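# Observations on the three-dimensional arrangement
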Amino acid sequence: MSNQPGSSTAASVGRPHRHPDRDPGTPRDPDPGTEADRAPEAQAGPGAETERGPDAETDPTAQGDRDAETDRDRDAKTERSATTGQVGEEIHTAPAERTGYAPGTPLLAVLALGWLAAMLWSTREAIHSAAVGLTAITLSAFALPGVISAALVAGAAVALAASELAARRLGDRATLRFAAAIGAGMLVGLGTALAINLTYADNATTNTIAGTSAAAAVIGGAIAGARTPAPVGAVVAAALGTLFFMVVFSQARDPLFDLFGADDSQASLVGAAKWVSRTESLLGGLLAGLLAFGYLTWARRRAVRRAPDAPAPRWPAYLLAGAGPGLLLLLAEVIIRIGGRTLLDLAGALSEADAVAQTSMGTSRVDNGIWVLFVGALTSVVLFGRTLGPTPRDDDPETVED
């Protein structure tokens, strides 16, 4: 056959021949509009077999290899489309919405600082109005628990607000949150110590109150650096409410003494004091559990409003939040007995009556913290249990799949 301009051999000179076995990306079926790829068959004559073999198109092994190759290409394209938009341009996915945040932290911080300032002012007025010497030491020892508990809660509240602000602005990382909380607690402690040293009388008791209050604020800041801010916010809110209630309740002690049968005898006074203390602890624990449950419910609703698929807090969170105020009271007592040991010993050494009074007050504070802990935890968990619906049964028609 001659190589004329119109023949198939001449047409194959201007374009390189693509072998299907060497180039997997080239389709095996040639272009029906050209005759270049059919040149070997045309030269060999009718009935001749090409180099692909008679069963090349119907070979199941080759077809399976092509299908697997196509699946790999499709998976690769899917992965590229998930991470890139146009060619050479990456799509940056926005960070997920935070759902485990604590609402109302600025308000809690303001209230806690106000409560701390009120405790510092009332303690200063009581010390300055007393006679110089023995009475001032006794009043300082009596006022120390209120100042320490207020500093502990204030450090936790301000640190929680600072850690939440850092998480929103700089990213929700555990190290950053803890560093912001510790820094805020140290600032509250430093400010408290300076306020005490500048406004109180310059003596040994003033330095003891200042140092112990600063330590309590730093410890509160460390507590607020936890990874779960909502239960910490519930603990702070419930503790503030409980401390305020105890101060208000002290105004009703005298009528309650008469109610519980106190008279001129020592035994009746001791018995009435015990019942008054238990009533205070019981009501304080109930209030702590109610406030903790209410705060977590509020936080849950705010989280659902921002992200409908946000996980709901489970019962351990409610248990911890309800027990938190009692735990803070017990922690404050530990700080008082370690940091304020010098002041307590000095006040107890004044007389036998003062020693008995300091011992009785310490025991009463420990009992109060334990009662608030258990009653608050039980109240919060019971309230959470009442919000749970019945468990669907297997034979329920609504739960049976079609």
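Residues numbered from 1 in each chain as written. Predicted model: local features only at pLDDT ≥ 70, side-chain atom pairs only at ≥ 80, totals over all residues. Heavy atoms only, no water.

## Quick look at helix α6 (residues 174–199)
Here α6 is 26 residues long and its end C-alpha atoms lie 38 Å apart, about the 38 Å a rise of 1.5 Å per residue gives. Within the span of α6, buried status applies to R177, A180, A181, A184, G185, V188, G189, T192, A193 and I196. (Helix = DSSP H or I, 4+ residues; strand = E, 2+ residues; numbered from the N terminus. Expected span 1.5 Å × (residues − 1). Buried < 20%, exposed > 50% of the residue type's maximum accessible area, 1.4 Å probe, protein only.)

## Comments concerning the pattern of salt bridges
Following the criterion strictly, the structure yields five salt bridges and no others. Across the salt bridge formed by E125 and R124, the nearest N and O atoms sit 2.9 Å from each other. With a closest N to O distance of 3.5 Å, R341 and D345 form a salt bridge. Here D345 and R341 lie together in helix α12 (residues 341–348), a separation of four residues that amounts to about one turn. Since its relative accessible area comes to 43%, R341 is described here as partly exposed. (Salt bridge = Lys/Arg side-chain N within 4 Å of Asp/Glu carboxyl O.)

## What about the packing of helix α10 (residues 266–306) against helix α11 (residues 315–339)?
Contact geometry for α10 and α11: axes closest at 8 Å, N-to-C directions at 135 degrees. The orientation of α10 relative to α11 falls into the category oblique. Two packed elements cross with a definite hand, and for α10 against α11 that hand is right-handed. Residues A288, A292, F293, L296 and T297 of α10 pack against A317, Y318, A321, G322 and P325 of α11. A breakdown of the residues in the contact of α10 with α11 according to their chemical character gives eight nonpolar, two polar and no charged. (Axes fitted to C-alpha atoms, helices over the stretch in contact; angles between N-to-C directions. Parallel < 35°, antiparallel > 145°, perpendicular 65-115°, else oblique. Left-handed = near helix turned anticlockwise from the far one by under 90°. Contact = heavy atoms within 4.5 Å. Nonpolar A, V, L, I, M, F, W, Y, C, P; charged D, E, K, R; others polar.)

## As for the environment of G146
Residue placement: G146 occurs in helix α5 (residues 134–170). Taking the C-alpha atoms as reference, G146 lies 6.6 Å from M119; in sequence the two are 27 residues apart.

## Observations concerning a nonpolar patch on the surface
Together, L282, L283, L286 and W371 give the surface a local cluster of nonpolar side chains, amounting to about 330 Å² of exposed area. The dominant element in the nonpolar patch, judged by the number of residues it contributes, is α10, at three residues. Within the secondary structure layout, L282 lies in helix α10. Classification of L282 by relative accessible area gives partly exposed; the value is 37%. (Patch = residues over 30% accessible without salt bridge, like charges linked within 9 Å, V, L, I, M, F, W, Y side chains within 5 Å. Areas by Shrake-Rupley, 256 points an atom, 1.4 Å probe, with all protein chains shown as cover.)

## Thoughts on the packing of aromatic side chains
The final tally for this structure, using the stated rule, is five aromatic pairs. With a centroid separation of 5.6 Å and 40 degrees between ring planes, the pair formed by F245 and F249 is classed as tilted. Of the two residues, F245 and F249 both sit in helix α8 (residues 229–249), four residues apart, roughly one turn of that helix. For the ring pair Y295 and W298, a centre distance of 5.8 Å and an interplane angle of 90 degrees mean the geometry is edge-to-face. Of the two residues, Y295 and W298 both sit in helix α10, three residues apart, roughly one turn of that helix. Residue class for Y295 comes out buried when judged on its relative accessible area of 6%. Take W298: its relative accessible area is 37%, and that puts it in the partly exposed class. Clustering of aromatic rings is evident, with ring pairs tying together F293, Y318 and F384. (Phe/Tyr/Trp six-rings, centres within 6.5 Å; stacked < 30°, edge-to-face > 60°.)

## Details of the nonpolar core
If you look at the biggest cluster of nonpolar residues, it comprises 71 residues, and the most contacted ones within it are L116, I148, V153, V236 and L240. For this core, the element with the highest residue contribution is α5, accounting for 17 residues. Not counting chain neighbours up to four residues away, the residues in contact with V236 comprise L108, V153, A156 and A157. (Core = buried A, V, L, I, M, F, W, Y, C linked by side-chain atoms within 4.5 Å.)

## Looking at the confidence of the model for the protein
Do not read the predicted coordinates in detail wherever pLDDT is low. Here the protein averages 75 in pLDDT, and 69% of its residues register 70 or above. Below a pLDDT of 50 lies the segment residues 1–27, which in the model reaches 20 contacts outside its immediate sequence neighbourhood of four places, other chains included. pLDDT under 50 marks residues 29–58. Its contacts with residues more than four places away, or in other chains, come to 23 contacts. (pLDDT = per-residue confidence, 0-100.)

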